[in-house]
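# Observations on the model geometry
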Amino acid sequence: MNTKQDDSTRRILQVVERLDYGWAETIAVASAAQKTDDLTIDFLVAGASNSAFEKLALGTGGKVFHIDSIERSGVTKFVNNTTKVIKQHKYDVVHSHLNLASGFVMRAAYRADAPVRIAHSHLDYEPSPALTTASQRTIARLLVRDYATALVACNDDSGARLFEDSWQQFDGNVVSNGIDLDLFRPASEQRIELRAAWGLTESDFAVGMVSRLEQDENPDFLLEVLAADRALAANAVLFYLGDGSQRKALTKKAEKLGLTDRVRFLGAPQDLPNMLCALDRLVVPTAKPGLPITLIQAQAVGLPALVADQIDHRLDLGLGLVEFLPADNPNLWQANLRHSRPEFEPAQLHQAVSDHGFDVSASVGQMLELY
């Protein structure tokens, strides 16, 4: 691919919280990988470093810059740091995937004279760890209204919820969320190798939660599920794939329940596709509504899932792999944990993902069209 810069090259900066397997990061990296020769796409990571997709992002020919998250730096320093990067590299388009916090990116992009400023909502609820007060959220929405030149969302509900009246005023663009089907596919050899590396026997039943270990994700509920049945706990191993403020408390609770040798903390997953293949069941016990991308990724590799019933049911691809349950009854989850696993051909799984609009390749064209 021609990487020569000239006056006709359009410079894009995509702003993300991290470069991992999330909705925003998947579409950002996929669009960079499929860009045309007249586009340069770089990444500004406002938070985590050394994430799973960083090598993929660099492999697209773009640069990756890092600044502190808005939570860590505070709003003023975050806006100043973002402005500095945009101004220094003279971006034509700044595309923020930070949901409501995109308002502050839009302000920075305006200050740095970026002519096209896109705010993107990937969720139809409002997670705002950085924006803890109603006044901060109001300010963020006003900044989107005043400084964005285009709004994008994964669906109309998401756009209207996050951007409120601005969604209609801007005639917002719908670009569906999706996953990379080249990454997520059944892999029997990798399953065997990884389970051996984890020290699992053939009789071990591997249960995994892929999430931040924060209270609103309800991670301690899974310890109660294991503790509800000692026969299950004897050969089930619970893997937490993620990290967060609750890890220490979870470790103590596992010890108190006598489950220390049945619980593993693996940190943020660097090889999520193969990790999902190595599991026997995904569990999503979150205490809040949402659109967890992991549920689509799991179905793409044929992994069954038990899911809290407040999760958006549109994520069920109709393959019989997803079961919704109330996340307040450990006995009910325990009783359903070992249901038999249906067998599918990889093509059948991927066709279901595509038919439900979750193949990221279908969205990349829309993204590049915006640029």
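Right above here is the structure, for reference.
Below you will find a few notes about this structure. (Residues numbered from 1 in each chain as written. Predicted model: local features only at pLDDT ≥ 70, side-chain atom pairs only at ≥ 80, totals over all residues. Heavy atoms only, no water.)

### Concerning the packing of aromatic side chains
Taken as a whole and judged by the stated rule, the model has 8 aromatic pairs. Summarising the aromatic geometry, the rings of Phe-221 and Trp-333 are spaced 5.3 Å apart at their centres and angled 85° between planes, so their arrangement reads as edge-to-face. Note that Phe-221 is positioned in helix H10 (residues 221–227) and Trp-333 in helix H15 (residues 330–336), a separation of 112 residues in sequence. Accessibility assignment for this pair places Phe-221 and Trp-333 in one class, buried. Within the aromatic cluster, the residues linked to one another by ring pairs are Tyr-21, Phe-53 and Phe-184. (Phe/Tyr/Trp six-rings, centres within 6.5 Å; stacked < 30°, edge-to-face > 60°. Helix = DSSP H or I, 4+ residues; strand = E, 2+ residues; numbered from the N terminus. Buried < 20%, exposed > 50% of the residue type's maximum accessible area, 1.4 Å probe, protein only.)

### Observations regarding the pattern of salt bridges
All told, the structure shown has 18 salt bridges when counted by the stated rule. Where Arg-195 meets Asp-280, a salt bridge forms, and the shortest distance between an N and an O atom there is 3.1 Å. Placement of the pair is Arg-195 in helix H9 (residues 188–197) and Asp-280 in the loop between helix H13 (272–278) and strand E11 (281–284), with a sequence separation of 85 residues. Comparing Arg-195 with Asp-280, the two get one shared label, buried. Asp-312 serves as the salt-bridge partner of Arg-314, at 2.5 Å between the closest nitrogen and oxygen. (Salt bridge = Lys/Arg side-chain N within 4 Å of Asp/Glu carboxyl O.)

### Looking at the packing of helix H1 (residues 23–33) against helix H17 (residues 361–370)
The interhelical angle for the contact between H1 and H17, taken along N-to-C directions, is 70°, at an axis separation of 9 Å. Our classification of the angle between H1 and H17 gives roughly perpendicular. Each of Ile-27, Ala-30 and Ser-31 in H1 lies in contact with H17, whose residues at this interface are Ser-363, Val-364, Met-367 and Leu-368. For the contact of H1 with H17, a count of residues per class yields 5 nonpolar, 2 polar and no charged. (Axes fitted to C-alpha atoms, helices over the stretch in contact; angles between N-to-C directions. Parallel < 35°, antiparallel > 145°, perpendicular 65-115°, else oblique. Contact = heavy atoms within 4.5 Å. Nonpolar A, V, L, I, M, F, W, Y, C, P; charged D, E, K, R; others polar.)

### Let's talk about the nonpolar core
Of all hydrophobic cores here, the largest spans 72 residues; its most connected members are Leu-19, Trp-23, Phe-43, Ile-179, Leu-276, Leu-282 and Tyr-371. The element best represented in this core is H1, accounting for 6 residues. Once residues lying within four places of it in the same chain are set aside, the contact partners of Leu-282 are Gly-208, Val-210, Leu-276, Thr-294, Leu-295, Ala-298, Leu-303, Pro-304, Ala-305 and Leu-306. (Core = buried A, V, L, I, M, F, W, Y, C linked by side-chain atoms within 4.5 Å.)

### Details of helix H7 (residues 156–163)
The set of residues buried in H7 consists of Ser-158, Gly-159, Leu-162 and Phe-163. Taken around the axis of H7, the buried residues stretch over an arc of 95°, which confines them to a single face. Lining the buried residues of H7 we find strand E5 (116–121), helix H6 (134–147), strand E6 (150–153) and helix H8 (165–169). Capping the start of H7 is the job of one residue whose side-chain oxygen sits 3.2 Å from the backbone nitrogen of Asp-157: Asn-155. Positive phi shows up at Glu-164, right after H7, with a value of about 55°. (Arc of directions from axis to C-beta. Polar contact = N/O pair within 3.5 Å; in protein donor to acceptor, adjacent residues only side chain to side chain.)

### Section: the pairing of strand E12 (residues 305–308)
On any regular strand, side chains alternate: one points to one face of the sheet, the next to the other face. Taking every second residue as pointing to the same face, both faces of E12 are buried, with Ala-305 and Val-307 on one and Leu-306 and Ala-308 on the other. Of the pairings in the sheet, the one linking E11 to E12 comprises 3 bridges and is parallel in character. Each bridged residue has a counterpart across the sheet, and for Leu-282 the counterpart in E12 is Ala-305. Following the chain from E11 across helix H14 (residues 293–300) to the adjacent parallel E12, one finds a crossover that is right-handed. (Pairing = 2+ DSSP bridges. Right-handed = clockwise from strand over helix to strand, strands pointing away.)

### Let's talk about the sheet that holds E12
If you walk across this open sheet you meet the 6 strands as E10-E9-E8-E11-E12-E13, and the pairing is parallel. Unpaired on one side and paired on the other, strand E10 (263–265) and strand E13 (322–325) mark the two borders of the sheet. Direction aside, the axes of adjacent strands within the sheet are offset by 25° on average. One ladder, built from 4 bridges, connects E12 with E13; its direction is parallel.

### A closer look at unusual backbone geometry
In this structure, Asn-99 is a non-glycine residue whose phi angle is positive, near 55°. On the basis of relative accessible area, Asn-99 is assigned to the buried category, the value being 12%.

### Things to note about the sheet that holds strand E1 (residues 10–16)
Read from one edge of the open sheet, 7 strands run E3-E2-E1-E4-E5-E6-E7, paired in parallel fashion. Each having just a single partner strand, strand E3 (64–67) and strand E7 (173–174) make up the two edges of the open sheet. Of the strands in this sheet, E1, strand E2 (39–46), E3 and strand E4 (93–96) are in contact with helix H4 (residues 75–89), which crosses E3 at around 155°.

### A few points about the environment of Lys-35
Structurally, Lys-35 can be placed in the loop between H1 and E2. A residue is classified by how much of its surface remains accessible, and Lys-35, at 9% relative accessible area, is buried. Along the chain, Lys-35 and Gly-365 lie 330 residues apart, while their C-alpha atoms are 9.1 Å from each other. For Lys-35, the side chain forms a polar contact with the main-chain oxygen of Thr-60, separated by 2.6 Å.

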